[in-house]
Amino acid sequence: MIQESFLLQPIAPFRLDLTVWALRRRATNSIDQWNGTDYTRVLLIDDVPVKVAVSQPQQAPKPELLVNVMSAAPIECLSSRVGEVLRRMLGLDIDLTGFYTLAKGDPTLSALAQHFLGVKPPRFPNMFEALLNAFACQQITLDVGMLLLNRLTATYGITFDDGQTVCSAFPRPAEIATTSGENLRALGLSSQKARAMTELATALVHAQRDFSLLEGMNNEEASASLLPIRGVGRWTAEYVLLRGLGRIDMFPGDDVGAQNNLQRLFHLAEKPTYATIKAATSAWQPYAGFVYFHLLLENLSKKGILLER
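Bear in mind that the values here come from a model prediction, so they are computed numbers and not experimental data.

Caption draft 1: Broad picture of the pairing of strand S5 (residues 65-71). Counted residue by residue, S5 has 5 buried out of 7 residues, so it is predominantly covered. Of the pairings in the sheet, the one linking strand S1 (residues 2-8) to S5 comprises 7 bridges and is antiparallel in character. Following the sheet pairing, Leu7 is matched in S5 by Leu66. Here strand S4 (residues 48-55) runs beside S5; their pairing, made up of 6 bridges, is antiparallel.

Caption draft 2: Up close: the side chain of Gln138. Within the element layout of this structure, Gln138 appears in the loop between helix H5 (127-137) and helix H6 (142-156). For Gln138, a relative accessible area of 17% corresponds to the buried category. Leaving out residues up to four positions away in the same chain, Gln138 has contacts with Lys193, Gly231, Trp235 and Thr236.

Caption draft 3: A look at the packing of aromatic side chains. Inspection of every chain in the model, using the stated rule, returns 7 aromatic pairs. For the pair Tyr292 and Phe293, a centre-to-centre distance of 5.7 Å together with 85° between the ring planes defines the contact as edge-to-face. Its relative accessible area of 8% is what places Tyr292 among the buried residues. One aromatic cluster is present, formed by Phe99, Tyr100, Tyr287 and Phe290 through successive ring pairs. Positioned above the aromatic ring of Trp21, the side-chain terminus of Arg24 is 4.8 Å from the ring centre. In this structure, Arg234 packs its charged tip against the face of Tyr274, placed 3.5 Å from the ring centre.

Caption draft 4: Structural detail: the nonpolar core. Counting residues in each nonpolar core, the largest one holds 94 residues, and the members touching the most others are Val82 and Leu152. Grouped together as the second largest cluster of nonpolar side chains are 5 residues, Val42, Phe160, Cys167 and Ala169 included.

Caption draft 5: A look at the pattern of salt bridges. Within this structure, the stated rule accounts for 14 salt bridges. A salt bridge links Glu175 to Arg172, with the shortest nitrogen-to-oxygen separation between them at 2.3 Å.

Caption draft 6: View of the packing of helix H12 (residues 256-265) against helix H14 (residues 288-302). Here H12 crosses H14 at 80°, and the two axes come no closer than 10 Å. In this view, H12 runs roughly perpendicular relative to H14, as classed from their interaxial angle. Seen from H12, the contacting residues are Ala258, Asn261, Leu262, Arg264 and Leu265; seen from H14, they are Tyr292, Leu295, Leu296 and Asn299. In terms of residue class, the contact of H12 with H14 is built from 6 nonpolar, 2 polar and 1 charged.

Rules and cut-offs
Residues numbered from 1 in each chain as written. Predicted model: local features only at pLDDT ≥ 70, side-chain atom pairs only at ≥ 80, totals over all residues. Heavy atoms only, no water. Buried < 20%, exposed > 50% of the residue type's maximum accessible area, 1.4 Å probe, protein only. Helix = DSSP H or I, 4+ residues; strand = E, 2+ residues; numbered from the N terminus. Pairing = 2+ DSSP bridges. Contact = heavy atoms within 4.5 Å. Phe/Tyr/Trp six-rings, centres within 6.5 Å; stacked < 30°, edge-to-face > 60°. Lys NZ or Arg CZ within 6 Å of the ring centre and 35° of its normal. Core = buried A, V, L, I, M, F, W, Y, C linked by side-chain atoms within 4.5 Å. Salt bridge = Lys/Arg side-chain N within 4 Å of Asp/Glu carboxyl O. Axes fitted to C-alpha atoms, helices over the stretch in contact; angles between N-to-C directions. Parallel < 35°, antiparallel > 145°, perpendicular 65-115°, else oblique. Nonpolar A, V, L, I, M, F, W, Y, C, P; charged D, E, K, R; others polar.

In structure tokens form, the structure reads like this:
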């Protein structure tokens, strides 16, 4: 077993706990694990499972993360490659000075920004995981969606055994492309979701789709590129732009949870429509999607799921 440790310095302010909760969304998430001090996940580097544990020492004068990695096989430049993935996933290099300046002039936003000071906008490690997360959670509760994702990962993800615990990486396209719709339905997925997952995985395995092109597109172009994919509608496209591409100006207006959060925030008599949400969040641009994460954390806090220090 190969073990390495290194440090990462996020742009201040930064809080690991809040950022991880914005990423994992539910305490039942077994892919992105949090025990109160350490964020743990299995990443795939060159298709080799690597267990990553991240903590934030509180005594450091500036934000600093301690990263411990374990790999069953040698990987060239292991620490730097894991660090690159974590910087993207946890938004470590994103400077949010403009957001905090904007928040000072908005009493509602100011309260949220101060309450969750240090959260960064997280994103999934790749577009395949972002899309499968969206597919799994379509038209059902997030709790059920998370259960499906846990099952998918436990069944098809490459496992890592450190001698104490066994955990799995999120499945690669290769694992999903070679399974059957019947097997996916046995996990609780609908026929439509199973077909969307296998078609996407097959297209990626055979290099029939290239998500790297999305990085150079604006939001409208990226959405237009995603919509022809089976299972992708307006909500999925906007959700993936935010959580997959890191477009923090994108607020998924069809997100039921976000609609409920905004209804409470603005004390609305009825759930806001898509048009109402786009109009209401326009004042928060270019950080409307970042506010989405604040509202998620506020909801978790009210439910007692988010244990704040």
